Every structure is written in C-alpha cells, then in structure tokens.
Amino acid sequence: MRNVEDLLRAADPLRHEPPEKAEDRDAIRRTVLAAASGAEPNGRRFATLRASVALIVVVVVFIGVGARFWPRGTTEVSAAVRFEVRLAEAQFAPGLREARVVGSNRTIYLHQEIVATNEDIAQSDVVEGDAPSRFWIRVAFTSAGAAKMQRATAGHLGAPVAVLIDGEVVLAPTLRSPISTSAVISGDYTKAEADRIVRGMSVR
Amino acid sequence: MNGLPMVDALPTMLPDHATDRLSVLFDVHYERLYRLARRLAPTEDEARDLVQETFLRAARSPKSVPAGRTSEEAWLVRVLVNIRRDDWRKAAVRRRHEEEARRAPRVNRDHDAAVVARATIWRALDILSPRRRAVIVLHELEGQTIAAIAALLGISAVTVRWHLSFGRRDLARILGSRLGESDEKR
C-alpha cells in the first residue's frame, strides 16, 4: 500500500507538466525589471503594448496596498466618458462581438455582458506612465464593483479582459490574476487626455 | 548575460545597480523559486504570479535582500511562502474554485481518471497552511534535511518536525477520504 509520500511524489505536477515556456519566464523577467527600472532615469523602457499589459499585471498585484496610498484629490465635473469593462476572447465564438484594440492591429471578441461601468468606479486619477509624456489612468472600484470584477475575472484567467472608453477598446490585457479593487489603464495618453477621461469617468 | 549559466557566474559581490542586481537575482533563483511555487500553488498560472510577486517585492525594496546566494535564496523563499500564505487566507475564493473544479464533467477513461486522481491528491495539499505545505514539499519532494529546511525558512528544527508530523497526519486523513470518494465515482 502506498503511503502519503509516495502519493505526493506520484501527483507532483512537475513530473507531469511540460517544462515552463521560455516566453512565460521572459514575460515575468521583463515585468520585474521594468518595476526595478522605474525609478532610474536611464532604465529600460517598454514601448510595446505587450509590455504595457505586463505592467498592468504589476499594478493589479498592488491591490490592497494601493488603496492606502491613494491620493485624496478632487475631480471636476466634465463631459461624461463612458467606461466599461467586458470579458473578451482571443478567438471568435457565436455571440461575441469583434473589436479592434486601439493603437494596435489586435482583434479581440467581446462578450455581451458588461462587467463594470462608471457606476462601479469609486475614484480615478492620472498617474505617470512609462515615458515622460505618457500618462495612465488608475481606477479604484467601489466594493460592489470590486466584487463584480473579482467574480468575473477569477473565472476568466488566461483570457483577455477589455477596457472600453467611449466604446473603444483601449486595453485588453490577458488576465494572469483576478482584478478586484483597482487597476491601471496604461494607454498612450497625454496629460490633458488622461485628465479629461478621469474627469469624465466621474460623471454618472 | 549572453546566455551564461548564471548560477555558475554569480559574482561574490553583486552589482550595486538595482536593475543589474535584480537581473542577476532573477536569473540565479527563478528556476528554484518556480519549482517551489508550482508545488505550493494550485495552478501553473498562480505559481508564475507567485514568483513574479516575489521578485517584485525584491524590486521594490532591493536593500532588504541580503547578499550571498544562500541568504538571497532564504529571503526569496520566505517572501514567496508569505505571499502564498496571504493568498491562501482568501479562503472564500479558493473554496469557490475548488467547488467549480469538483463540478467539472467527470471522465471515465483510464488516462483521464489518472489525471483526476493526481489532481485530487494535489488539491489535498491546499488544506495545509503554506508554511506547512512548504515544509512537506521541501522534505518529501525536494529531499531537503530538517536542518536545511529550518535554515531556509528561518524556523527551528523542532518547528519543522512539528509541521512534518502534523502535515503528514492531515494529508493521510484527507487523502484517505478523498481517494475513497474518487474510487466510488469511477
């Protein structure tokens, strides 16, 4: 009869899974080094969308920590900006809507259901991006919004989630971990554009 | 680094430059951390997230990472286990995923049944706290001595033995019942 140790060895996933892909390892390496170089004037810069998506993952990992350091600024009322988060797929399937990710040739397929909207945003603000003239938008969800995001994204790992602003898909990172309380939209925005979007997000 | 085997090329004094040091740290310890993470986390994706977050902690506070390969490894392993512990505490999410996995369509072919049996056994490890699981994994799967595990995790040998004893007992209890369930369903 086999004992616990034998059963564990037999079930060890490292015995049965293929070796980790080099691209997975490299993606993590890039993300980690990007985080390290962020404070350095001549650090490595990532201009590709892929790297931006990787950075999103970094920031999402900061969930929970971010809330404590969130600036308590005020937002002005401005023209409404429609914000949506939808689950998406890389391959077409019936019932999905094709959409192009702005600024790239990438096509994704959107689910009909909307996961989160402006109503689910507790706060948003502009943060510096990965280049001097590039700005990103940080979004903190309400508790209800965070619950919806957590519920939807936890069951969608490995597939894209789309962030839409005024109906356009501006970002579609592949989910590596669930999103709940906050996320960063790492678009290629000027300060003025980012400010406008942040102000518009607060209009209900 | 020109594809050189970084473990062998590790300099005695690591570079001062934060990015360079992190780069070396990553190349030297990634493989070891991934193997441990994969045995602590339910899925490959979660293992990669765990390793990434561990290195991100090092990136955020590089000065807290001690110099020297053994000390670095111990620091990284402890951080990794602590992160896993935080994740593990989110019990509600974990239980929901387990329930979803249990509701997955049942398969009867021999090969798939073997895969299901392995998954069942591996899921039993999720019951253990990450530190206890780490002790079990390090001892039973990596073959490390009690003294080495104590040094790596920064705990006493008595505590390691305690975790081993209770971990084995818990697993024997859980695996017994779960394997029983699995047999009945086949």
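Parameters at a glance
Residues numbered from 1 in each chain as written. Chains lettered and ligands numbered in written order. Predicted model: local features only at pLDDT ≥ 70, side-chain atom pairs only at ≥ 80, totals over all residues. Helix = DSSP H or I, 4+ residues; strand = E, 2+ residues; numbered from the N terminus. Buried ≥ 20, exposed ≤ 12 C-beta atoms within 10 Å, placed from the backbone. Contact = placed C-beta atoms within 7 Å. Axes fitted to C-alpha atoms, helices over the stretch in contact; angles between N-to-C directions. Parallel < 35°, antiparallel > 145°, perpendicular 65-115°, else oblique. Left-handed = near helix turned anticlockwise from the far one by under 90°. Arc of directions from axis to C-beta. Core = buried A, V, L, I, M, F, W, Y, C linked by C-beta atoms within 7 Å. Pairing = 2+ DSSP bridges. pLDDT = per-residue confidence, 0-100. Nonpolar A, V, L, I, M, F, W, Y, C, P; charged D, E, K, R; others polar.

Quick word on the overall build of chain A
Inference 1: In terms of regular secondary structure, chain A is built from 6 helices and 8 strands.
Inference 2: The N-to-C order of helical and strand elements in chain A reads α-α-α-α-β-β-β-β-β-α-β-β-β-α.
Inference 3: Looking at chain A residue by residue over its 204 residues, the buried ones come to 35%.
Inference 4: Pairs at least 24 residues apart make up 66% of the contacts formed inside chain A by residues separated by at least 6 positions.

Comments concerning the packing of helix α3 (residues 44–60) of chain B against helix α4 (residues 69–89) of chain B
All names here are of chain B.
Inference 1: Where α3 contacts α4, the two axes come as close as 9 Å, and the packing angle between them is 120 degrees. When the axes of α3 and α4 are compared, the pair comes out oblique. When the axes of α3 and α4 are compared, the crossing they make is right-handed. For the pair α3 and α4, contact is made by Leu-50, Glu-53, Thr-54, Arg-57 and Ala-58 and by Leu-76, Val-79, Leu-80, Ile-83 and Arg-84, respectively.

Some words on helix α6 (residues 191–201) of chain A
Inference 1: When α6(A) is considered as a whole, its buried residues turn out to be Ala194(A), Ile197(A), Val198(A), Gly200(A) and Met201(A). In an axial view of α6(A), the angular spread of the buried residues amounts to 165 degrees, which keeps them on one side of the axis.

Examining the nonpolar core
Inference 1: With 50 residues, the main nonpolar core has Val32(A), Leu22(B), Leu33(B), Ala37(B), Val51(B), Ala59(B) and Leu80(B) as its most contacted residues.
Inference 2: Examining the composition of this core, we find that 10 residues originate from one element, helix α2 (residues 18–40) of chain B, more than from any other.
Inference 3: Apart from the residues lying within four places of it in its own chain, the contact partners of Ala37(B) are Ala47(B), Leu50(B), Val51(B) and Leu80(B).
Inference 4: Counting 35 residues, the second-largest nonpolar core is a separate cluster that includes Ile137(A), Ile165(A), Val170(A) and Ile185(A).

As for the pairing of strand β5 (residues 135–141) of chain A
Residue and element names in this part refer to chain A.
Inference 1: The element β5 is largely enclosed, with a buried count of 6 among its 7 residues.
Inference 2: Pairing of strand β4 (residues 121–128) with β5 involves 7 bridges; the strand directions are antiparallel. Across the sheet, the residue bridging to Ser-124 is Val-139, located in β5.

Observations regarding the confidence of the model for chain B
Residue and element names in this part refer to chain B.
Inference 1: Confidence in the prediction for chain B averages 77 pLDDT; 72% of positions are at 70 or higher.
Inference 2: Across chain B, element-level confidence peaks in helix α8 (residues 146–153) with a mean pLDDT of 94 and bottoms out in helix α1 (residues 6–9) with 30.
Inference 3: With pLDDT under 50 throughout, residues 1–16 is counted as low confidence; its partners more than four residues away or in other chains account for 17 contacts.
Inference 4: Contacts of residues 181–186 to residues separated by more than four positions or lying in other chains number 6 contacts, the stretch itself having pLDDT below 50.

Examining the interface of chain A and chain B
Inference 1: Facing the 32 residues of chain A at the interface are 30 residues of chain B.
Inference 2: Counting only elements with at least two residues in the side of chain A that touches chain B, the list comes to α1 (4–11), α2 (13–16), α3 (22–37) and α4 (49–61) of chain A.
Inference 3: Here the side of chain A that touches chain B gets 10 residues from one element, more than from any other, and that element is α3(A).
Inference 4: Of the residues belonging to the side of chain A that touches chain B, the class tally is 16 nonpolar, 6 polar and 10 charged.

Things to note about the sheet that holds strand β6 (residues 161–165) of chain A
All names here are of chain A.
Inference 1: Taken in spatial order, the 5 strands make up an open sheet running β2-β3-β1-β6-β7, and their pairing is antiparallel. Since the sheet does not close on itself, it has two edges, and those belong to β2 (97–100) and β7 (168–171), each with one partner. Neighbouring strand axes in the sheet, compared pairwise and without regard to direction, differ in orientation by 55 degrees on average.
Inference 2: Bridge analysis of β2 against strand β3 (residues 107–117) gives 4 bridges, and the strand direction is antiparallel. Within β3, the position partnered with Ala-99 by the bridge is Ile-108.

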